[in-house]
Amino acid sequence: MSTRRHIIALAATAALALPALSMAQADKPTRIIVPFGAGGPIDVTARILAEAVKDSLGTVIVENRPGAGGNIGVAAVARATPDGHTLGIATTASHGINPWLFSKLPYDPAKDFAPVTQMLRVPNVLVMNADTAQRLNIRSLADLIRYAKANPGKLNYGSGGNGSAGHLAGELLKHQAGIFAVHIPYNGGNPAQLALLSGQVDFNIDNLATAAANIRAGKLHALAVTTAQRSAMLPEVPPMAETLPGFEVDTWWGLIAPAGTPAETVRKLNSAFTAALGTPEVKAQFARLLAEPAPSTPQAFEAFLQKERGKYERMVKLSGAQVD
């Protein structure tokens with residue numbers, strides 16, 4: 001074959017391949033990187049949404065990348081191609097706490113991501129060991145503050161570790177209430193809850209999804225929720241803000257894409273996921289996890305993330321916590 005004919009044949013082959021390549025790109029699955037292990041609340045809610053958007057986005061797979069307090073998975077999102085086919089989960093830790101807790105992060109929470117939508121919020125709740133609450137006659141947050149002021153240093157509280165949301169919320173409580181309680185860090189939320197149930201610590205500030213079963217069983221006594229208003233998930237329990245004005249510490253997470261993802265792509269992703277978050281099926285599944293859907297625009301989620309960074313900068317400095 002002559003060189004000219006060879007070139008023409010190659011061009012024809014390439015032209016025929018173009019539609020196939022475009023079709024392959026269109027059929028490329030979307031993945032959601034969850035920066036924690038399988039089976040936890042973040043993983044479960046990501047899988048619920050992956051199923052709920054399949055009609056609008058096609059196949060959506062969940063990929064677990066746990067490690068380093070969520071930093072490994074979040075960094076993988078930052079490095080991904082910004083084509084709309086890789087999403088990740090931003091959490092209270094990754095985008096609120098870790099920027100101040102770690103001297104170096106493998107990502108920039110303010111510059112490396114395109115916010116898509118907040119997914120949900122889970123109220124945190126101040127809980128006491130029920131036997132301890134009865135023995136000390138503490139039935140409310142005001143009672144706890146009165147006891148702590150009359151008995152400085154006698155109360156202690158547990159958390160999932162230095163710099164965890166429970167630790168920071170406990171330090172904020174101490175600061176705003178003008179009390180002193182000893183912080184006892186554990187290696188994770190489950191050991192901290194076991195310590196509370198066994199009476200090794202007096203109180204914790206934990207997310208409601210984790211604490212609810214033991215509250216219902218009467219093993220833990222709920223004193224207050226940390227949302228600004230009462231939570232529909234625990235309507236009989238007052239917010240801490242009624243006693244300590246301005247106290248608000250929620251657990252939340254949401255969807256992010258790599259920075260540079262086209263604005264129109266982000267808009268389409270937002271439309272698909274916020275629609276899913278508004279369906280009765282998703283609301284019912286989230287309610288079983290005691291989570292409240294919190295869909296938002298990309299712009300509103302970005303403003304929320306900025307606000308959270310500012311809030312946790314103050315809280316981390318107040319606690320003195322540092323990981324490295």
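Residues numbered from 1 in each chain as written. Predicted model: local features only at pLDDT ≥ 70, side-chain atom pairs only at ≥ 80, totals over all residues. Heavy atoms only, no water.

Trainee: I'd like a rundown of the overall build of the chain, residues and numbers included.
Mentor: When helices and strands are tallied, the chain shows 13 helices and 11 strands. By its C-alpha atoms, the chain is 95 × 40 × 30 Å across when sized along the principal axes. Counting the 324 residues in the chain, one finds 49% classified as buried. A sequence separation of at least 24 residues applies to 78% of the contacts in the chain between residues at least 6 apart. Charged side chains in the chain number 29 positive and 24 negative. The centres of these two groups are separated by 2 Å. (Helix = DSSP H or I, 4+ residues; strand = E, 2+ residues; numbered from the N terminus. Buried < 20%, exposed > 50% of the residue type's maximum accessible area, 1.4 Å probe, protein only. Contact = heavy atoms within 4.5 Å. Lys, Arg positive; Asp, Glu negative; His and termini not counted. Charge placed at Lys NZ, Arg CZ, Asp CG, Glu CD.)

Trainee: Talk me through the sheet that holds strand E10 (residues 251-258); I want residue IDs and the actual numbers.
Mentor: Here we have 6 strands laid out as an open sheet, ordered E2-E1-E3-E10-E4-E11, and mixed in their pairing. One side of each edge strand has no neighbouring strand; the edge strands of this open sheet are strand E2 (60-64) and strand E11 (292-293). As defined by bridge partners, strand E4 (residues 113-122) adjoins E11 across 2 bridges and the pair is classed as antiparallel. Within the sheet, the bridge partner assigned to leucine 120 lies in E11 and is proline 293. Sheet contacts for helix H4 (residues 71-79): strand E1 (30-34), strand E3 (86-91), E4 and E10; angle to E10, the most-contacted strand, approximately 30°. (Pairing = 2+ DSSP bridges. Axes fitted to C-alpha atoms, helices over the stretch in contact; angles between N-to-C directions.)

Trainee: Hey, could you go over the packing of helix H5 (residues 92-101) against helix H13 (residues 298-319) for me, with residue numbers and the actual values?
Mentor: Packing of H5 against H13 brings their axes to within 8 Å, and their N-to-C directions diverge by 40°. Comparing their axes, H13 and H5 come out oblique. Seen from above, H5 lies across H13 with right-handed handedness. Mapping the contact onto sequence places Thr92, His95, Gly96, Ile97, Trp100 and Leu101 in H5 and Leu305, Glu308, Arg309, Tyr312, Glu313 and Val316 in H13. Classifying every residue of the contact of H5 with H13 gives 6 nonpolar, 3 polar and 3 charged. (Parallel < 35°, antiparallel > 145°, perpendicular 65-115°, else oblique. Left-handed = near helix turned anticlockwise from the far one by under 90°. Nonpolar A, V, L, I, M, F, W, Y, C, P; charged D, E, K, R; others polar.)

Trainee: Requested: an account of the nonpolar core, with residues and values cited.
Mentor: The biggest cluster of nonpolar side chains holds 33 residues, and the ones touching the most others in it are Leu144, Leu173 and Phe203. When residues in this core are grouped by element, the largest group, 5 residues, is from helix H8 (residues 165-177). Apart from the residues lying within four places of it in its own chain, the contact partners of leucine 144 are Met128, Ile138, Leu155, Ile179, Phe203 and Leu223. (Core = buried A, V, L, I, M, F, W, Y, C linked by side-chain atoms within 4.5 Å.)

Trainee: Can you break down the packing of helix H2 (residues 41-52) against helix H12 (residues 280-288) residue by residue, with the values?
Mentor: Across the interface, H2 lies against H12 with an axial gap of 11 Å and an inter-helix angle of 170°. Compared by their axis directions, H2 and H12 come out roughly antiparallel. Between H2 and H12, the residues in contact are Thr45, Ile48, Leu49 and Ala52 and Val282, Gln285 and Phe286, respectively. The residue makeup of the contact of H2 with H12, split by class, is 5 nonpolar, 2 polar and no charged.

Trainee: How would you summarise the environment of threonine 261 if you had to cite specific residues and measurements?
Mentor: Tracing the backbone through its elements, the reader meets threonine 261 in the loop between E10 and helix H11 (263-277). Threonine 261 gets classed as buried once you look at its relative accessible area, which sits at 8%. Once the C-alpha coordinates of threonine 261 and phenylalanine 247 are considered, the two residues, 14 residues apart in sequence, prove to be 35 Å apart. A distance of 2.7 Å separates a polar side-chain atom of threonine 261 from the backbone oxygen of proline 258. (Polar contact = N/O pair within 3.5 Å; in protein donor to acceptor, adjacent residues only side chain to side chain.)

Trainee: Kindly report on the pairing of E3, identifying the contributing residues and their values.
Mentor: Across a regular strand the side chains alternate sides, sitting on one face of the sheet and then on the other. Taking burial as the measure, the 6 residues of E3 include 6 buried ones, the bulk of the element. Here 3 bridges tie E1 to E3, and the two strands are oriented parallel to one another. The residue of E3 that forms the bridge with isoleucine 33 is glycine 88.

Trainee: Run through the pattern of salt bridges, naming residues and quoting values.
Mentor: Scanning the entire structure with this criterion turns up 12 salt bridges. A salt bridge links arginine 267 to glutamate 264; the nearest nitrogen and oxygen atoms lie 2.7 Å apart. Residue arginine 267 and its partner glutamate 264 are located together in helix H11, separated by 3 residues, close to a single helical turn. Note on arginine 267: relative accessible area 45%, which makes it partly exposed. Taking the relative accessible area as the measure of exposure, glutamate 264 reaches 40% and is therefore partly exposed. Between glutamate 313 and lysine 317 there is a salt bridge whose closest N-O contact spans 3.1 Å. Separated by 4 residues within a single helix, glutamate 313 and lysine 317 lie in helix H13, roughly one turn from each other. Of the residues examined, glutamate 313 reaches a relative accessible area of 28% and is grouped as partly exposed. (Salt bridge = Lys/Arg side-chain N within 4 Å of Asp/Glu carboxyl O.)

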